[in-house]
Amino acid sequence: ETGVTQSPTHLIKTRGQQVTLRCSSQSGHNTVSWYQQALGQGPQFIFQYYREEENGRGNFPPRFSGLQFPNYSSELNVNALELDDSALYLCASTLAETQYFGPGTRLLVL
Amino acid sequence: KNQVEQSPQSLIILEGKNCTLQCNYTVSPFSNLRWYKQDTGRGPVSLTIMTFSENTKSNGRYTATLDADTKQSSLHITASQLSDSASYICVVRDSGGGADGLTFGKGTHLIIQP
């Protein structure tokens, strides 16, 4: 167990809809990163938050946005869903150079 | 462009046998290299992390090696068990100061057969 939880575990949406995925990390882990992992691929970096501020962003469009809250929880929001957004979405909190991944949310866009 | 290449893409071995997974990288400047185990549909779990000066690191039946000169790493699994069936991902961190700084390989999908 990494102490990082994500919800929901699975989600089905249709094209054009919006989705919010949630992550709760351990107390004291001030950095949280979000990744998209397509089937058979390695995780792709979406963005990172540090103390509630976006600290870096990967090659993802603005319809991918996030929030981090003081209670070490965070959200990933995706607007105008596309079929290619179907993937496993992982959040990871960082402490002392080690990343602790959550179990992921499997999103299917129909 | 930073890249991490893993081989083989997939591997099937019998329970109790040993195996070695490979990772080649072109990440600069290098900071550290990690191996993760990812069960299907789950998040990756860290197995080892090695810095430039470390050649070998073990975690139970898992032994990782690093050759920083040739930019190669391997993960050796001894006396495999059914629970070792998973994807193994090699991740290299650069020290360039970027927010993430991680380059992920696509993973080796390992299946242990009874």
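As a starting point, this report considers the structure included with it. Here the residue numbers are simple positions, counted from 1 along each chain's written sequence. Written order decides the labels, with chains lettered from A and ligands numbered from 1. At least 70 in pLDDT is required for a residue's local features to be given in this predicted model, at least 80 for side-chain atom pairs to be given and counted, and no such filter applies to totals for whole chains, interfaces and linings, which use all residues. Where side-chain values are given, they derive from all heavy atoms of the structure, hydrogens and water being excluded.

### Quick notes on the state of the cysteines
Criterion for a disulfide: a pair of cysteine sulfur atoms at a distance within 2.5 Å. Under the counting rule described, the total for this entry stands at two disulfides over all chains. The disulfide bridge from Cys23(A) ends at Cys91(A), spanning 1.9 Å between sulfur atoms. Taking the torsion about the sulfur-sulfur bond, which here is approximately 70°, the covalent link between Cys23(A) and Cys91(A) counts as right-handed. Here the residue Cys23(A) occupies a position in strand S3 (residues 19-24), and Cys91(A) occupies one in strand S9 (residues 87-95), the gap between them amounting to 68 residues. Covalently, Cys23(B) is tied to Cys90(B) through a disulfide, its sulfur atoms 2.0 Å apart. Looking along the S-S bond of the Cys23(B)-Cys90(B) disulfide, the torsion reads about -65°, which is the left-handed sense. With a gap of 67 residues between them, Cys23(B) in strand S3 (residues 19-25) and Cys90(B) in strand S9 (residues 86-94) connect regions that are remote in the sequence. For the pair Cys23(B) and Cys90(B), a shared accessibility class is recorded, and that class is buried. Counting from the N terminus, the helices are DSSP H or I runs at least four residues long and the strands are E runs at least two residues long. Only protein chains enter the calculation, and the probe is 1.4 Å; a residue is then buried if its accessible area is under 20% of its type maximum, exposed if over 50%, and partly exposed in between.

### Re the interface of chain B and chain A
The contact criterion used throughout is that any non-hydrogen atoms of two residues lie within 4.5 Å. Listed as interface residues are 17 residues of chain B and, on the opposing side, 19 residues of chain A. In total, about 1500 Å² of surface goes out of reach between chain B and chain A, with carbon and sulfur atoms giving 52% of it. Any carboxyl oxygen of Asp or Glu that lies within 4 Å of a side-chain nitrogen of Lys or Arg is treated as forming a salt bridge with it. Linking chain B with chain A are zero salt bridges, by the criterion used here. Any pair of nitrogen or oxygen atoms within 3.5 Å is treated as a polar contact; in protein, a donor-acceptor pairing is required on top of that, and neighbouring residues in sequence qualify only through side-chain atoms on both sides. For the pair chain B and chain A, the number of links is two residue pairs in polar contact (both at pLDDT 80 or more). For the side of chain B that touches chain A, the elements supplying multiple residues, two or more each, are strand S4 (30-38), S9 and strand S10 (102-104) of chain B. Considering each element in turn, the side of chain B that touches chain A owes the most residues, four residues, to S4(B). Ten residues, namely Ala, Val, Leu, Ile, Met, Phe, Trp, Tyr, Cys and Pro, are considered nonpolar, four, namely Asp, Glu, Lys and Arg, are considered charged, and the remaining ones, Gly among them, are considered polar. Of the residues that constitute the side of chain B that touches chain A, the class distribution is seven nonpolar, five polar and five charged. Buried area is understood as the total, over both parts, of accessible area removed when two parts are fitted together, assessed with a 1.4 Å probe.

### A closer look at the packing of aromatic side chains
Here a pair means two rings of Phe, Tyr or Trp (six-membered ring of Trp) with centres within 6.5 Å. Their orientation is stacked below 30 degrees between planes, edge-to-face above 60, and tilted elsewhere. The tally for this structure, following the rule as stated, stands at eight aromatic pairs over all chains. Look at Tyr35(A) and Phe104(B): their rings are 5.2 Å apart centre to centre, the planes differ by 70°, and that puts the pair in the edge-to-face class. Of the two residues, Tyr35(A) is situated in strand S4 (residues 31-37) and Phe104(B) in strand S10; the pairing between them involves two chains. Given a relative accessible area of 0%, Tyr35(A) falls into the buried group.

### With respect to the nonpolar core
Counting 24 residues, the largest nonpolar core has Tyr25(B), Leu33(B), Trp35(B), Leu75(B), Tyr88(B) and Val92(B) as its most contacted members. The set of elements that each furnish at least two residues to this core consists of S3, S4, strand S5 (45-51), strand S7 (62-67), strand S8 (72-77), S9 and strand S11 (108-113) of chain B. Residues in contact with Val92(B), not counting those within four places in the same chain, are Val4(B), Tyr25(B), Val27(B), Phe30(B), Asn32(B), Leu33(B), Gly101(B), Leu102(B) and Thr103(B). Think of a nonpolar core as a cluster: buried Ala, Val, Leu, Ile, Met, Phe, Trp, Tyr and Cys residues, connected wherever their side-chain atoms sit within 4.5 Å. Membership of the second largest hydrophobic core comes to 19 residues, among which are Val19(A), Trp34(A), Tyr49(A) and Leu107(A).

Remember that the coordinates give geometry; whether it matters functionally is a separate question.
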